Amino acid sequence: MNSSRSSASTIIVIGTGIAGLASALALARKDQDVALLGPKAPLPPARADEFDPRVYAISPASQQFLVELGIWDLLPADRVMPVEAMEVFGDAASPPADAVRRMPAPSTGRVELSAWQGGLAAMAWIVESRELERALRQAVQMFNIRWIADRYAGLERHAPDAPLMLRTANHAGLPCGLAVGADGADSPLRESIGLPVTRSTYDATGLVMHLSVALPHQGRARQWFTPDGVLALLPMPDADGQPQVSMVWSMRTAKADALLAMDAATQRVAMGERLFEATGGVLGALTARTSLVGFPLALQSASQMVAPGVALVGDAAHLVHPLAGQGLNLGLGDAKALADTLATREAYRNVYDLRVLRRYQRARAEPLLAMRLATDGLYRLFDSPLAPVNWLRNAGMNVVDRLPPLKRLLVQGASGL
Ligand SMILES: Cc1cc2nc3c(=O)[nH]c(=O)nc-3n(C[C@H](O)[C@H](O)[C@H](O)COP(=O)(O)OP(=O)(O)OC[C@H]3O[C@@H](n4cnc5c(N)ncnc54)[C@H](O)[C@@H]3O)c2cc1C
């Protein structure tokens, strides 16, 4: 925070997760006066063969943004895995009875997409959350961004269109023009200004763990739409000399809870068996490397991403189903759009000018809606138990697989570029 500037132009980013760190850095690089407010828990040191259970599939658009921020080269190259191709498998079922005579025999739907089809270096990069955070923190330090290791507790404002005073848990008062809420899905900032959210739960829990696999993954991400929910296995760097994948299985909550409640030995056997069955043995035997962790899944969006003196980024503004692995990518897109919008505002407008903030909201409206519709639509399409829907979704996948121009569009669309 630059004390020579007026506090009316100061931006305080609340929340020190990845969306918050990236927002502060993007704003600082655009010469905005910015500080961070949030906890600063130490990160455990990186150890060979030990990987953070939380990993992200970073899209080409996000990777480009991280390059612009100077973060990409700070990531340890041997812990970043490029995804060269993606295979998606459907769930076979019989066609509707009256269509049997006219339609070809059903087969499990399958679509294969590869980076080269879209002219990309990779479809995505798998990166550990901890390593991304470490690189962002390093850059925040290099840019000398002030980090107030405290928690947001509330705000005061004396006029609707005026700077704010943030209150912290330790009773400090922080004057600023704009408060950026990067404080997660339960956003205390969003709650304190009464911005409503629409939320629907999926009756699904995201189960996460890393696994050793007997056969090489060949840099492929694989996804199965199984009767137990959507299973994704993402390629990871080898660990202990063996190929490794990271699992995200969004499973009906009752089934997920039953697995989570098992003792470690029973859980290991149960997961190995279920995974082998769901994957059809394509990666050979799968053995747990980490314990199973569960995350409740929801679709949520704030009614507005902005309010006078406030802008929301990341999960504070929106939550999507993780089947497309896009939650954090959306948050990084917000960080970039907010920094670009504020840096290009007219010289006579303040950082808290609602007209400027609405430009940011408009810039994010289309990508957010597209991602919400795509992830929620896919989830509901594959969640339907109806036989005709089941048949159509598998047949549809096989049709897509035979149309190279459509596959090129899908790869380019998913890149976010
Ligand atoms: C199972 C699963 C798999 C996923 N896989 C992917 C994937 O492959 N790719 C992808 O792009 N996304 C993925 N996501 C989504 C991704 O995890 C989130 O979108 C992302 O972590 C959100 O980051 P954030 O910084 O917005 O929020 P958070 O990570 O929740 O950070 C919020 C921060 O705010 C801080 N905070 C809270 N309260 C206060 C306060 N009062 N004052 C100050 N600070 C405060 C917290 O301490 C925290 O640091 C996945 C999600 C799930 C559940």
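In what follows, the accompanying structure is described. For clarity, every value in this text was computed on a predicted model and none was experimentally measured.

1. What to know about the sheet that holds strand β1 (residues 10-14)
And step 1. With mixed pairing, the six strands of this open sheet are ordered in space as β8-β2-β1-β12-β20-β19. Bordering the open sheet on either side are β8 (146-148) and β19 (306-307), each of which pairs with just one other strand.
And step 2. The pairing of β1 with strand β2 (residues 33-37) spans five bridges and is parallel. Bridging from a neighbouring strand, T10 pairs with D33 of β2.

2. Quick look at the site of the ligand
And step 1. By nearness alone, 31 residues border the ligand, and R54, Y152, D315, G325 and L328 come closest of all.
And step 2. Separating an oxygen atom of the ligand from a side-chain N or O atom of Y56 is a distance of 3.1 Å.
And step 3. At a separation of 3.0 Å, an oxygen atom of the ligand approaches a polar backbone atom of N329.
And step 4. Within the complex, 83% of the 1,000 Å² of free accessible area of the ligand lies under protein.
And step 5. Elements supplying a minimum of two residues to the shell around the ligand: α1 (18-29), β3 (55-58), β18 (293-302) and α7 (327-343).
And step 6. Of the residues in the shell around the ligand, the class split is 17 nonpolar, ten polar and four charged.
And step 7. The residues that make up the shell around the ligand include at least three from each of domain 1 (7-47 + 128-196 + 303-375) and domain 2 (68-126 + 202-297 + 386-415).

3. Some details on the environment of T108
And step 1. With respect to the helices and strands, the residue T108 is situated in the loop between β5 (85-89) and β6 (110-114).
And step 2. Using a relative accessible area of 39% as the deciding quantity, one classes T108 as partly exposed.
And step 3. Taking the C-alpha atoms as reference points, T108 and F89, separated by 19 residues in sequence, lie 6.9 Å from one another.

4. What about the side chain of S23?
And step 1. Looking at the element boundaries, S23 is found in helix α1.
And step 2. By relative accessible area, S23 is classed as buried at 0%.
And step 3. Only 2.7 Å separates the side chain of S23 from the backbone oxygen of A19, close enough to count as a polar contact.
And step 4. Excluding its chain neighbours within four sequence positions, the residues that come into contact with S23 are V13, V313 and A335.

5. Here's the deal with the packing of α1 against α7
And step 1. Two elements in contact, α1 and α7, have axes separated by 9 Å at closest approach and are oriented at 25°. As summarised for this structure, α1 and α7 are arranged roughly parallel, according to the angle between their axes. Handedness of the α1/α7 crossing: right-handed. Taken together, the residues of α7 that come into contact with α1 (itself represented by I18, A19, A22, S23, A26 and L27) are L328, L332, A335, A339 and L342.
And step 2. When its residues are assigned to classes, the contact of α1 with α7 shows ten nonpolar, one polar and no charged.

6. Notes on the side chain of H318
And step 1. Looking at where H318 falls in the secondary structure, it is placed in strand β21 (residues 318-319).
And step 2. Of note is the side chain of H318, whose polar atom sits 2.6 Å from the side chain of D334.

7. Details of the packing of aromatic side chains
And step 1. Scanning the entire structure with this criterion turns up two aromatic pairs.
And step 2. Ring centres of W72 and W125 lie 5.7 Å apart, and the angle between their planes is 75°; on these two criteria the pair is classed as edge-to-face. On the criterion of sequence distance, the pair formed by W72 in the loop between α2 (60-68) and β4 (81-83) and W125 in strand β7 (residues 124-128) is long-range, its members being 53 residues apart. Each member of the pair, W72 as well as W125, is classed as buried.
And step 3. Over the ring of W147 we find K40, and its NZ or CZ is 4.8 Å from the ring centre.
And step 4. The ring of F51 carries the charged tip of R79 above its face, separated from the ring centre by 4.6 Å.

8. Topic: the pattern of salt bridges
And step 1. For the coordinates displayed, the defined rule picks out 21 salt bridges.
And step 2. One salt bridge in this structure joins R137 and E133, with 3.8 Å as the shortest N-O distance. A residue pair is termed a helical-turn pair when its members lie 3 or 4 positions apart in one helix, as R137 and E133 do in helix α3 (residues 129-142) at four residues. For the pair R137 and E133, one class covers both residues: buried.
And step 3. Salt bridges sharing common partners tie together E346, R349, D353, R355 and R359.

Here is what the cut-offs are and how they apply
- Residues numbered from 1 in each chain as written.
- Predicted model: local features only at pLDDT ≥ 70, side-chain atom pairs only at ≥ 80, totals over all residues.
- Heavy atoms only, no water.
- Pairing = 2+ DSSP bridges.
- Helix = DSSP H or I, 4+ residues; strand = E, 2+ residues; numbered from the N terminus.
- Near = heavy atom within 4 Å.
- Polar contact = N/O pair within 3.5 Å; in protein donor to acceptor, adjacent residues only side chain to side chain.
- Areas by Shrake-Rupley, 256 points an atom, 1.4 Å probe, with all protein chains shown as cover.
- Nonpolar A, V, L, I, M, F, W, Y, C, P; charged D, E, K, R; others polar.
- Domains from an automatic or database assignment.
- Buried < 20%, exposed > 50% of the residue type's maximum accessible area, 1.4 Å probe, protein only.
- Contact = heavy atoms within 4.5 Å.
- Axes fitted to C-alpha atoms, helices over the stretch in contact; angles between N-to-C directions.
- Parallel < 35°, antiparallel > 145°, perpendicular 65-115°, else oblique.
- Left-handed = near helix turned anticlockwise from the far one by under 90°.
- Phe/Tyr/Trp six-rings, centres within 6.5 Å; stacked < 30°, edge-to-face > 60°.
- Lys NZ or Arg CZ within 6 Å of the ring centre and 35° of its normal.
- Salt bridge = Lys/Arg side-chain N within 4 Å of Asp/Glu carboxyl O.

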